[in-house]
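Residues per chain, in single letters:
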Amino acid sequence: MARYLLDYFRCAELGLFAFLQSSLAAARADNFYYPPEWDPSQGSLNKFHGQHALRERAKKIDQGILVIRFEMPFNIWCGGCNSMIAKGVRFNAEKKQVGNYYSTRIWSFTMKSACCRHEIVIQTDPKNCEYVIISGAQKKTEDFDVDDAETLEFPADEERGKLADPFYRLEHQEKDLKKKKEAEPVLVRLQRLSDAKHSDDYAVNKSLRAQLRNQKKRVAEEESASRKRGLGIRLLPNSEQDAAHAAKVKFSSKFDQNRKDKRALINASSIFPRLSSSSTSEKRRLELESKRRRISASQATSLLAGAYKPSSWSQTQSAVSCSRPKVASVSARR
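Residues take numbers from 1 onward in each chain, read along the sequence in its written order. In keeping with the predicted nature of the model, local features appear solely for residues at pLDDT of at least 70, side-chain atom pairs appear and are counted solely at 80 or more, and the whole-chain, interface and lining totals rest on all residues. Based on all heavy atoms of the structure, the side-chain values leave hydrogens and waters out of the count.

> Whenever I open this one, the pairing of strand β5 (residues 104-112) confuses me. Can you help?
One face of the sheet, then the other: side chains in a regular strand alternate in exactly this way. Each pair of strands is called paired provided DSSP finds at least two bridges between the two strands. Each helix is a run of H or I in the DSSP string that is no shorter than four residues. Each strand is a run of E no shorter than two, and both are numbered from the N terminus. Judged from the seven bridges that link them, strand β4 (residues 90-101) and β5 form a sheet pairing that is antiparallel. Residue N100 lies in a different strand from β5, and its bridge partner there is R105. Between β4 and the antiparallel strand that follows it, β5, lie two residues; Y102 among them carries a positive phi value of about 60°. Of the strand pairs in this sheet, β5 and strand β6 (residues 119-125) are connected by five bridges, and their pairing is antiparallel. From the neighbouring strand, F109 faces β6, where its bridge partner is I122. Turn length for the β5-β6 hairpin, with the two strands adjacent in sequence and antiparallel, is six residues, and the turn residue R117 shows positive phi of about 60°.

Now the structure itself:
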């Protein structure tokens, strides 16, 4: 009994110790654990432990460098291995300030590519509102049409400078107002059409569901028709173009093939008559065939009357029996 009680207290002590350890670990994770040797006069916990609040990310904070997660703003070509790094790929980059554009800071991001560990440096350009590659990579040029991409085309730098001129702005303002008046009826008509088409959500949803049901029904009919024909793929519906193309196709029959074979045999044969030896052999073959086909009239009539055809053995026995009495009569006469 004492042994069981000792084991029970040991288990309870181990469970309490594990609970305290887990709670202390959770408190350290939230920076809520204050060790007994800490005193409020020593400052914060980070100062007491001699570490920065950002831990490993701020290991070069004395040099003005902070490690951040940098996301590639556009597609680039790596300068080390010439492989493409896509837009949106993230890196652990060292961020530091390298200058100012008026009151805006210019930041530099230094990172290493994952493909060949080549160093890439990218800086911000507050003047043009974009990123600039300083070294280690090359920006991938991608040309696209503004209308196809459904984007806005920003005016060039020269146009931006001209917009500061009041006379130039007034002239273009008049042109823009004229374009607005010309396009206003079309825009109003399109807006009314859109409102009339999408005003009743129930009717739009009903028509869409009806189209989907008809499409599913048509697909099911085409699949069943294909299965009846023994095909594993769905056939498209018949069209006039397919019917006209099928009518133009002509399949060669057996008669046409035989005629082609005979013509080829005639064209391949010689125009000169055969030699005498070949003609005699041909006559001999014809005679043998006629003899084989010749049938005795008496045997044919007996077979038709129901008599059986005598075998070769029975014919020999009858011939021997017939020959014996003739010999006896001849000896008697002698």
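> Got a minute to help me understand the sheet that holds β5 in this structure?
Sheet strands pair via backbone hydrogen bonds, and the direction of the pair is either parallel or antiparallel. Reading across from one edge, β1-β4-β5-β6-β7 is the order of the five strands in this open sheet, with antiparallel pairing throughout. Each edge of the open sheet carries a strand with a single partner, namely β1 (66-71) and β7 (130-135). Within the sheet, the average angular offset between the axes of one strand and its neighbour, ignoring direction, is 40°. Structural elements are reduced to axes, namely lines fitted to C-alpha atoms, with helices fitted over the stretch in contact, and the angle between N-to-C directions of any two is expressed from 0 to 180 degrees.

> Would you explain the state of the cysteines in this entry?
Cysteine sulfur atoms are paired as a disulfide whenever they come within 2.5 Å of each other. Evaluation of the coordinates by the stated rule reveals zero disulfides. For the unlinked cysteine C78, the closest cysteine sulfur is that of C116, found at 3.6 Å.

> How should I be thinking about the side chain of D125 in this particular structure?
As for its placement among the helices and strands, D125 is situated in strand β6. Residue burial is assigned from relative accessible area. The probe radius is 1.4 Å, only protein chains are included, and a residue is buried under 20% of its type maximum, exposed over 50%, and partly exposed in between. Under the counting rule used here, the positive set is Lys and Arg, the negative set is Asp and Glu, and His together with the chain ends is not counted. Here, a salt bridge means any side-chain nitrogen of Lys or Arg that lies within 4 Å of a carboxyl oxygen of Asp or Glu. Of the side chains with opposite charge, K127 comes closest to the buried, unpaired D125, at an N-O distance of 7.3 Å. The contact criterion used throughout is that any non-hydrogen atoms of two residues lie within 4.5 Å. Beyond its immediate chain neighbours, meaning those up to four positions away, D125 contacts E130 and V132.

> Could you clarify how one ought to interpret the pairing of β4 in this entry?
Direction of pairing for β1 relative to β4: antiparallel, over a ladder of six bridges. Bridge pairing in β4 links V67 to E94.

> Help me out: how do you make sense of a positive patch on the surface in this one?
A residue counts toward a patch only above 30% relative accessible area and without a salt bridge, and it is joined to like-charged neighbours within 9 Å or, for Val, Leu, Ile, Met, Phe, Trp and Tyr, to nonpolar neighbours within 5 Å. The accessible surface values rely on the Shrake-Rupley method and a 1.4 Å probe; as for residues, cover is taken only from the protein chains in view. Taken as the charge centre is NZ of Lys, CZ of Arg, CG of Asp or CD of Glu, depending on the residue. The grouping of K206, R209, R213 and K216 at the surface amounts to a positive patch. Structurally, K216 is set in helix α6 (residues 201-228). When its relative accessible area of 65% is taken as the criterion, K216 is described as exposed.

> Would you mind showing me how to read the layout of surface pockets here?
Of the volumes computed, that of the largest pocket is approximately 350 Å³. Here the term cavity refers to a set of points on a 1 Å grid, laid over the protein atoms alone, in which a 1.4 Å probe fits but cannot get out; the term pocket refers to an open set having protein on both sides within 12 Å along at least five of seven lines, with lining residues being those that place an atom within 4 Å of a point. If you trace the largest pocket, you find it lined by P73, F74, N75, K87, E130, Y131, K139, K140, E142, D143 and F144. Classes in brief: Ala, Val, Leu, Ile, Met, Phe, Trp, Tyr, Cys and Pro nonpolar; Asp, Glu, Lys and Arg charged; the others, Gly included, polar. Residue classes in the lining of the largest pocket are distributed as four nonpolar, one polar and six charged. Estimated volume of the second largest pocket: approximately 260 Å³. Elements with a contribution of two residues or more to the lining of the second largest pocket: β4 and β5. In terms of residue count, β4 provides more of the lining of the second largest pocket than any other element does, four residues in total. Grid points are joined across faces, edges and corners, and a volume is the space filled by probe spheres set on the points.

> What am I meant to see in the packing of aromatic side chains here?
Any aromatic ring pair is given by two values, namely how distant the centres are and how the planes are angled relative to each other. Aromatic rings from Phe, Tyr and Trp, taking only the six-membered ring of Trp, are treated as a pair when their centres fall within 6.5 Å; an angle between ring planes under 30 degrees marks them as stacked, one over 60 as edge-to-face, and anything in between as tilted. With the rule as written, the count across this model stands at four aromatic pairs. The interplanar angle of 45° and the centroid separation of 4.7 Å between the aromatic rings of Y34 and W38 together place this pair among those described as tilted. With centroids separated by 6.0 Å and ring planes inclined at 80°, the aromatic side chains of F70 and Y131 adopt a geometry described as edge-to-face. Of this pair, F70 sits in strand β1 while Y131 is found in strand β7, placing the two residues 61 residues apart along the sequence. Judged by its relative accessible area of 4%, F70 falls in the buried class. The partly exposed category is assigned to Y131, whose relative accessible area is 35%. Put simply, the rings of F70, F109 and Y131 pair up and form one aromatic cluster. Note on geometry: a ring has a charge over it if NZ (lysine) or CZ (arginine) is within 6 Å of the ring centre and within 35 degrees of the ring normal. Across the ring face of W107, the terminal group of K95 is positioned such that the distance to the ring centre comes to 4.3 Å. Over the ring of F74 we find K139; its NZ or CZ atom is 4.7 Å from the centre of that ring.

> Help me understand α6 in this model?
The end-to-end C-alpha distance of α6 is 41 Å, a good match for the 40 Å that 28 residues give at a rise of 1.5 Å each. Pairing of N or O atoms within 3.5 Å defines a polar contact, subject to two protein rules: one partner must be a possible hydrogen donor and the other a possible acceptor, and residues neighboring in sequence count only if both atoms are side-chain atoms. For α6, the N-terminal capping position is held by D200, with its side-chain oxygen 3.3 Å away from the main-chain nitrogen of Y202. Downstream of α6 by a residue or two, G230 has a phi angle that is positive, lying close to 80°. A helix's residues, less one, multiplied by 1.5 Å, set its expected span.

> Would you mind going over the pattern of salt bridges with me for this structure?
Where charged atoms of side chains with opposite charge meet at close range, the side chains can pair. All told, the structure shown has four salt bridges when counted by the stated rule. Here R218 ties to E222 by a salt bridge, and the two come within 3.4 Å at their closest N and O atoms. In this pair, R218 and E222 both sit in helix α6, four residues apart, roughly one turn of the helix. Residue R218 is classed as partly exposed on the basis of its relative accessible area, which comes to 40%. What emerges from the salt-bridge pattern is a single network uniting R218, E222 and R234.

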